[in-house]
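Given next are the chains, with one letter for each unit.
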Amino acid sequence: MTDKKIFPKSLSVLLSIILPGLGQVFQRKYRSGISFFIAFATAFAVTLWYGKPIWFIIPAVIWIWNIWDIVSFPKGKGLVIPLLLWLLMAYGIGGQVTEFNLQALFSNFSRSRDMVSQLFKFDFVQPKAERIEGYTDIQSPCSDFPPAADHEENGVRVYVVQTCANVGDVITVIGEGFWPNQLTTFYWQNPIGGKAMATEATSDANGKVTLEWKVLSIVHTTAPDPTIPQIHRIKVSQSRPIGGMELSAVGGYIVQGIYETLALALLSTIIGAIFAIPFGFLAARNLMTANPVSTVIYMIVRTVLNIVRSIEALIMAIIFVIIVGLGPFPGMIALTVHTVAALGKLYSEVIEGIDPGPIEAIKATGANWLQVARYAVIPQIVPAFTSLTIYRWDINVRSSTIIGFVGGGGIGFFLWQWIVLQDFRAVGSAFVAIAVVVVILDFFSAKIRERLV
Amino acid sequence: MLKVEHLTKVYPGGTVALKDLSFEVSDGEFLVIIGLSGSGKSTLLRCINRLIDPTEGKVILDGIDVTASKGAELRHIRRKIGMIFQHFNLVKRSSVLTNVLNGRLGYLNPWTSTLGFFPADEKKRAMDALKRLSIDDKVDSRADALSGGQQQRVGIARTLMQEPTLILADEPVASLDPVLAHSIMQYLEQLNKEDKVTVICSLHYLDLIQRYATRVIGLKDGVKVFEGSPAEINREKFKEIYGEEAQDVRATALE
Amino acid sequence: MQKYKPFLKALRKLLITIVLVVLIILSIRVTEPDLVKLVSSFPKAESIMGQLLSPVLFDRESEKITVSQMVPVPCDSVPSLVSADSGPRIILDPPCGSPKDVINLRGVELPPNAEISLRWILPDGGLLSIKNIMTDDKGEIDMPLEIRPITTATDGKAAQISFEVTLPNGKLVVAQTLKDVIDAMFVTIFMALIATTLGTIIAVPLSFLAASNITRRGALGTGVYYLVRAFLNIIRSYEPLVLATIFAMIVGFGSPFAGVIALSITTAASLGKMFSEAVESIDTGPIEAITATGANRIQVVMYAVVPQIIPDFLSFTIYHWDINVRISTIIGFVGGGGIGYLLSQRINTLQYSQAGTALLAIILVVWALDFLSSEIRKSLV
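All values reported here derive from a predicted model rather than from experimental measurement.

1. What about the overall build of chain A?
Step number 1: The helix and strand inventory of chain A stands at 16 helices and eight strands.
Step number 2: Relative to the compact-globule value of 22 Å for 453 residues, chain A shows a C-alpha radius of gyration of 35 Å, a clear excess of over 25%.
Step number 3: Projecting the C-alpha coordinates of chain A onto the three principal axes gives extents of approximately 110 × 75 × 40 Å.
Step number 4: For chain A, buried positions account for 44% of its 453 residues.
Step number 5: Partitioning the intrachain contacts of chain A with sequence separation of at least 6 by distance along the chain shows that 66% fall at a separation of at least 24.
Step number 6: Here chain A displays about 23100 Å² of accessible surface, and carbon together with sulfur accounts for 66% of that area.
Step number 7: The averaged location of the 29 negative side-chain charges in chain A is 19 Å from the averaged location of its 33 positive side-chain charges.

Right, here's the structure in full:
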């Protein structure tokens, strides 16, 4: 009690004015001193970064409160008010920089309602149908000598009476050799393959279909210079059901995407687990801190594992996509690398936690090093390793659903394209597929892990 | 003071825990209930303060039908009945003081106590209770930092806060070693003799029964098989209640 | 039957092995691992890694010089302006032209051996890049220039040809990239903070509904229990990034808000699950004891349930904040904002040294928060 009074109060007040918390530390109230310092320093840093002067009130009040606290020593004023102020600042500024705006969720209500209703019209299967197709190339805008817009293939002929098209013209598209009295779809495809216009017409009794089509300026939106003539394509097609159901195009991509996702997850988990085992041993404190050389190795391995673990697999995937190109392979490498780091850490913890009792017991029977490893160490770590690996597989399945966002393969690759193209039916179908697969695998992995324990 | 009439409890699933059980307890008694595990002792005690609802029968305390009451009335009855548990049932992460104050909740304004405020005089009452059980030095410790005997004393202090007229003790010393068991039983005896609190206690050890009980009831499969003074319990009675295979242990307990 | 047991066991092991091998082979076929490509792209990987490992932290300060000259197309469309006679300037010969003409372009008194980006400023203000070119030792360039039809003067305004030269002047300053990265990192941490808070607030009631010892009573309770559990499991099956796409479509791409909402929802689901397990594992003894003292239901929850679960809840929440910071580093890929957005932009524009700065920041922050959160959690138990 007496040595607490050795340090003069007036001096500690002065110290706290200079640096919040310092006076408290000198009065041996370490917790409160450090808390004041952290609260003030972080609040000051955040307001300094954010830059709006009004928020500087918060660090200022914390500073004043800190002075008041040391002045009323030894009773103190507590940390409740500074903590509340700190939270006020964190959420106030945080809400603004993250553009937090619940209204935005509902303001586009009609748009989001259309979108959500589309999301629930799943697109997995479609009625089986047969198709008949034809096309012709056409120049737009017209040059002085446009090539004829006429193409015949497999008995289907498509031609345009006017041979070329300027924006605003009405052209006459004629198709021959189609099924009679059937709805026919017309697509205008721009030079880079985008769908610019679409409409429908019905064929006559002879299988001839005629369409008067106005050329809109939208056909030139992707052209760098709309005054230069380019070759476009008009596609004409019919389709009719022949009974039964088949996977739709989207359904086919989803099956392929899920298949790729599962393959990615399985391979990266298995390869990652194999590589993680040596790292796990090298990063185990109880095995590696016996002499200085191994201690250095231990520290290096730990550091590398921690660094790699802190980078999300998706970020690594971007880099590997650049190095080896698009596809599931770069995604697999990224997931594998992340798996090695994460499992290496977990394995090392298992090794650190093994019971030395059995090792002692087996050694006492006169067993050699290998026998000790086989009968005292491995039985202890194998179930835990297996369980952690299955747990990691679970995480990898989830991660591999997004690795395709950056070109790493799997369902994410298709999902991202559908999102960009705003094909909400396909997006909704992909969501259902992801949920079904992940929930089922989750269930099985939990069951297997329960049995292992 | 307490009348139990034709009490029957059938658990969902068909287990009959109590079968047509009737007895009376008068003021100031120290009633001990004996019987094997599963003979219905715990169920009986919990039917008295309605932690368990009996299937049939009545429990009447000071002329009030406990079995028919509910809501606030039931809570008012409960706060006059203290309960002590085999596993102490303290909130392990709360402090000793908070655990003792918890015994007063039935008396306090529900709103302020919900927010965690206890009046100063209640804190003083809690300190007095802890002093009486001589563990006032542990007032700020977390409950799980205490030994078993100390935890049970906190449990008794919590009961004292209720100013009970009746204490139900469900095997209060079964988790403790014999030396501690006597000290805990002495506290209960003190409450019984000095504060004139009626005690109903379930016990296993014959020496404890003969030392503390004023009356004994024996249960077997939910049926009362014995009622009398502790002096009437001999080896044969014990065997009857506890079964043949328990004989050896009983024998040593008798000596 | 007993006799066959070891045999059956061995058979089961064999079957599992076969299934696993088949699955691996199928996986290899669909994943198409191309080790040759991996090895052959090693030089490329080395160069990228080298740049990533040399993050930009400081910069030489530089100045930008912009020089422009009006070009009337066709010649009489706009009165031609006389160009300056000294200083960095552009000389055109002839000073005007019609579309598809080729004229001569000369730049003089420019810094020697400097990179110049050459471009058209169109009459409507749009920019059309031509190419990047180096000046010679005398600080001059000389090249032919084709006049494109799109540069035709409109509404009395002519197109301009313009140079932009960047010159380092030697002062060492904190790189703009580092400032941007710090900025984005703050946004990322705040995204995690807000998402964790919101998620926790939603998770608490959900966890009680998903705890079998609290909710699973009677037909209604059991129904609610299974419904909430199913909901939590389905939401948990999505990566936050996948959910972020949905919200980005609703609130618009380019704002961190979509990511925050998605992250809040996944946080609510996974914390809801963890919390419910904490609630399920509480000790019922104290509940019984406090009920026996005559306390009402609210008091029982406050004094018997809450003290038991608070440390677990806090510990899980802090743990999840830690996870959320990690996820926030990528959530910007979809919604926009945060360090992930910056990182993906820098990588897509091949600025690997700047991406390295962002990576460094991610590693440091994730590491620091990991340490902090585990220290706090240790003190809670």
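On we go from here.
2. Notes on the sheet that holds strand 1 (residues 125-140) of chain A
Residue and element names in this part refer to chain A.
Step number 1: On the basis of which strands lie adjacent, the open sheet formed by four strands has the order 1-8-5-6 and antiparallel pairing. Since the sheet does not close on itself, it has two edges, and those belong to strand 1 and strand 6 (195-202), each with one partner. Here the average twist between neighbouring strands, direction ignored, is 25°.
Step number 2: Summarising the sheet, strand 5 (residues 183-189) and strand 8 (residues 230-247) pair through five bridges and their orientation is antiparallel. Within strand 8, the residue paired with tyrosine 187 across the bridge is lysine 235.

3. Some details on the pattern of salt bridges
Step number 1: Counted according to the given criterion, the structure contains 38 salt bridges over all chains.
Step number 2: The partner of aspartate 283 of chain C in a salt bridge is lysine 92 of chain B, with the nearest N and O atoms 3.2 Å apart. Of the two residues, aspartate 283 of chain C is situated in the loop between helix 8 (256-280) and helix 9 (285-292) and lysine 92 of chain B in the loop between strand 6 (81-84) and helix 3 (96-101); the pairing between them involves two chains.
Step number 3: On the basis of relative accessibility, which here comes to 29%, the residue aspartate 283 of chain C falls in the partly exposed class.
Step number 4: With its nearest N and O atoms 3.5 Å apart, the salt bridge here joins arginine 104 of chain B to glutamate 163 of chain B.

4. Notes on helix 3 (residues 42-52) of chain C
Step number 1: Residues of helix 3 of chain C that are buried: Ala45, Ile48 and Leu52 of chain C. Burial along helix 3 of chain C is one-sided: seen end-on, the buried residues are contained in an arc of 70°. Seen from the buried face of helix 3 of chain C, the exposed residues on the opposite side, beyond 90 degrees, are Pro43 and Glu46 of chain C.
Step number 2: Among the structural elements, helix 11 (313-324) of chain A together with helix 12 (352-380) of chain C are those in contact with the buried residues of helix 3 of chain C.

5. Describing the domain arrangement of chain B
For interface size, the figure often reported is the accessible area lost on association.
Residues and elements named next belong to chain B.
Step number 1: Along its sequence, chain B is organised into domain 1 (1-80 + 166-176 + 197-246) and domain 2 (82-163).
Step number 2: Using only C-alpha atoms to locate each centre, domain 1 and domain 2 end up separated by 25 Å.
Step number 3: Contact residues are listed per partner, giving 17 residues for domain 1 and 15 residues for domain 2.
Step number 4: Between domain 1 and domain 2 the total buried area reaches about 1300 Å² when both faces are included, carbon and sulfur atoms providing 52% of it.
Step number 5: Considering only the side of domain 1, the residues that lose the most area to domain 2 are Arg79, Ser175 and Leu176, jointly responsible for 37% of the buried surface there.
Step number 6: At the boundary of domain 1 with domain 2, the tally comes to zero salt bridges.

6. Focus: the interface of chain C and chain A
Step number 1: Residue-level contacts link 69 residues of chain C with 68 residues of chain A.
Step number 2: Summing both partners gives a buried area of about 6100 Å² for chain C against chain A, and 76% of it is carried by carbon and sulfur.
Step number 3: Here chain C and chain A share two salt bridges between them.
Step number 4: Notably, a salt bridge pairs arginine 236 of chain C with aspartate 442 of chain A, separated by 3.2 Å at the nearest N-O pair.
Step number 5: The tally of links between chain C and chain A comes to nine residue pairs in polar contact (both at pLDDT 80 or more).
Step number 6: Among the elements that make up the side of chain C that touches chain A, the one with the highest residue count is helix 4 (residues 176-209) of chain C (ten residues).

7. As for the arrangement of the chains
Step number 1: In this assembly, two pairs of chains are in contact, and the pair contributing the most contacts is chains A and C.
Step number 2: Considering only C-alpha positions, the minimal separation of the non-contacting chain A and chain B is 16 Å.

8. Examining the nonpolar core
Step number 1: In terms of nonpolar packing, the biggest core is built from 118 residues, with Ile93, Leu415 and Val427 of chain A touching the most fellow members.
Step number 2: Ignoring sequence-local partners within four residues, the contact set of valine 427 of chain A consists of Leu119, Leu415, Trp418 and Ile419 of chain A together with Ile246 and Met249 of chain C.

9. What about the environment of proline 146 of chain A?
Step number 1: Structurally, proline 146 of chain A is set in the loop between strand 1 and strand 2 (150-153).
Step number 2: In this structure, proline 146 of chain A is in contact with Gln139, Thr163 and Cys164 of chain A, ignoring residues within four places of it in sequence.

10. Observations concerning the state of the cysteines
Linking two cysteines covalently through their sulfur atoms gives a disulfide.
Step number 1: Following the criterion strictly, the structure yields one disulfide over all chains and no others.
Step number 2: What pairs with cysteine 142 of chain A in a disulfide is cysteine 164 of chain A, and their sulfur atoms sit 1.9 Å apart. Looking down the S-S bond of the cysteine 142 of chain A and cysteine 164 of chain A bridge, the torsion is 105°, so its handedness is right-handed. A residue pair is termed long-range when its members are at least 10 positions apart, and cysteine 142 of chain A in the loop between strand 1 and strand 2 and cysteine 164 of chain A in the loop between strand 3 (156-160) and strand 4 (170-176) qualify at 22 residues.
Step number 3: The class of cysteine 142 of chain A is partly exposed, set by a relative accessible area of 26%.
Step number 4: With a relative accessible area of 9%, cysteine 164 of chain A lands in the buried category.
Step number 5: Free of any disulfide, cysteine 201 of chain B has its nearest cysteine sulfur in cysteine 47 of chain B, 18 Å distant.
Step number 6: Classification of cysteine 201 of chain B by relative accessible area gives buried; the value is 0%.

11. Things to note about the interface of chain B and chain C
Step number 1: Counting from both sides, the interface comprises 30 residues of chain B and, opposite them, 21 residues of chain C.
Step number 2: Counting the surface chain B buries against chain C, the share from its top three residues, Arg93, Leu105 and Thr114 of chain B, is 28%.
Step number 3: Across the contact surface, chain B and chain C share three salt bridges.
Step number 4: Of the residues forming the side of chain B that touches chain C, the biggest block, three residues, is contributed by helix 4 (residues 110-114) of chain B.
Step number 5: Residue composition of the side of chain B that touches chain C, by class: eleven nonpolar, twelve polar and seven charged.

12. Some words on the domain arrangement of chain A
Step number 1: The domain architecture assigned to chain A consists of domain 1 (3-97), domain 2 (125-246) and domain 3 (250-452).
Step number 2: Between the C-alpha centres of domain 2 of chain A and domain 3 of chain A there is a distance of 51 Å.

13. Let's talk about helix 8 (residues 249-282) of chain A
Step number 1: Over its 34 residues, helix 8 of chain A extends 49 Å from the first C-alpha to the last, a length consistent with the 50 Å expected when each residue adds 1.5 Å.
Step number 2: Of all the bends in helix 8 of chain A, the greatest reaches close to 35° and is centred on alanine 276 of chain A; the proline proline 278 of chain A follows between one and four positions later.

14. Observations concerning the pairing of strand 5 (residues 127-134) of chain C
Residue and element names in this part refer to chain C.
Step number 1: The pairing of strand 4 (residues 115-121) with strand 5 spans seven bridges and is classified as antiparallel. Within strand 5, the position partnered with tryptophan 120 by the bridge is leucine 128.
Step number 2: The turn linking strand 4 back onto strand 5 is made up of five residues, and glycine 125 within it adopts a positive phi angle of 95°.

15. Topic: the environment of proline 59 of chain A
All names here are of chain A.
Step number 1: Inspection of the secondary structure puts proline 59 in helix 4 (residues 57-71).
Step number 2: Along the backbone, proline 59 and glycine 408 are 349 residues apart, and their C-alpha atoms lie at a distance of 46 Å.
Step number 3: Non-local contacts of proline 59, meaning those with residues more than four positions away in its chain, are made with Phe40, Ala43, Phe44 and Thr47.

16. Notes on the sheet that holds strand 7 (residues 209-214) of chain A
Strand pairs in the sheet, formed through backbone hydrogen bonds, run parallel or antiparallel to each other.
Residues and elements named next belong to chain A.
Step number 1: Reading across the sheet, the four strands line up as 2-3-4-7 and stay open at both edges, with antiparallel pairing between neighbours. Taken across any chain shown, the strands that pair with only one partner, and hence form the sheet edges, are strand 2 and strand 7. Ignoring strand direction, the axes of neighbouring strands in this sheet form an average angle of 15°.
Step number 2: Note that strand 2 and strand 3 share four bridges and pair antiparallel. Its bridge partner lying in strand 3, glutamate 152 is registered against arginine 157.

17. Here's the deal with the packing of aromatic side chains
Step number 1: Counted according to the given criterion, the structure contains 21 aromatic pairs over all chains.
Step number 2: Measuring from ring centre to ring centre gives 5.3 Å for tryptophan 65 of chain A and tryptophan 68 of chain A, while their planes differ by 85°; the resulting arrangement is edge-to-face. Of this pair, tryptophan 65 of chain A and tryptophan 68 of chain A both sit in helix 4, three residues apart, roughly one helical turn.
Step number 3: Joined through ring pairs, the aromatic side chains of Trp49 and Tyr50 of chain A together with Phe186 and Phe190 of chain C make up one cluster.

18. Overview of a positive patch on the surface
Step number 1: Taken together, the side chains of Arg451 of chain A together with Lys5, Lys9, Arg12 and Lys13 of chain C present a region of like positive charge at the surface.
Step number 2: It is helix 1 (residues 5-31) of chain C that provides the largest number of residues to the positive patch, a total of four residues.
Step number 3: Within the secondary structure layout, lysine 9 of chain C lies in helix 1.

19. Some thoughts on the packing of helix 8 of chain A against helix 16 (residues 424-452) of chain A
All names here are of chain A.
Step number 1: Relative orientation of the contacting elements helix 8 and helix 16 amounts to 35°, with a least axis distance of 10 Å. In this structure, helix 8 meets helix 16 at a crossing whose hand is right-handed. Of the residues in helix 16, those in contact with Val250, Ile254, Ile258 and Leu262 of helix 8 are Ala426, Ser429, Ala430, Ala433, Ile434, Val437 and Leu441.
Step number 2: When the residues that make up the contact of helix 8 with helix 16 are grouped by side-chain class, the tally is ten nonpolar, one polar and no charged.

Rules behind the numbers
Residues numbered from 1 in each chain as written. Chains lettered and ligands numbered in written order. Predicted model: local features only at pLDDT ≥ 70, side-chain atom pairs only at ≥ 80, totals over all residues. Heavy atoms only, no water. Helix = DSSP H or I, 4+ residues; strand = E, 2+ residues; numbered from the N terminus. Rg over C-alpha atoms; globule rule 2.2 N^0.38 Å. Buried < 20%, exposed > 50% of the residue type's maximum accessible area, 1.4 Å probe, protein only. Contact = heavy atoms within 4.5 Å. Areas by Shrake-Rupley, 256 points an atom, 1.4 Å probe, with all protein chains shown as cover. Lys, Arg positive; Asp, Glu negative; His and termini not counted. Charge placed at Lys NZ, Arg CZ, Asp CG, Glu CD. Pairing = 2+ DSSP bridges. Axes fitted to C-alpha atoms, helices over the stretch in contact; angles between N-to-C directions. Salt bridge = Lys/Arg side-chain N within 4 Å of Asp/Glu carboxyl O. Arc of directions from axis to C-beta. Domains from an automatic or database assignment. Buried area = accessible area lost by both parts, 1.4 Å probe. Polar contact = N/O pair within 3.5 Å; in protein donor to acceptor, adjacent residues only side chain to side chain. Core = buried A, V, L, I, M, F, W, Y, C linked by side-chain atoms within 4.5 Å. Disulfide = S-S within 2.5 Å. Nonpolar A, V, L, I, M, F, W, Y, C, P; charged D, E, K, R; others polar. Expected span 1.5 Å × (residues − 1). Bend = angle between axes of the 7 residues up to and from the residue. Phe/Tyr/Trp six-rings, centres within 6.5 Å; stacked < 30°, edge-to-face > 60°. Patch = residues over 30% accessible without salt bridge, like charges linked within 9 Å, V, L, I, M, F, W, Y side chains within 5 Å. Left-handed = near helix turned anticlockwise from the far one by under 90°.

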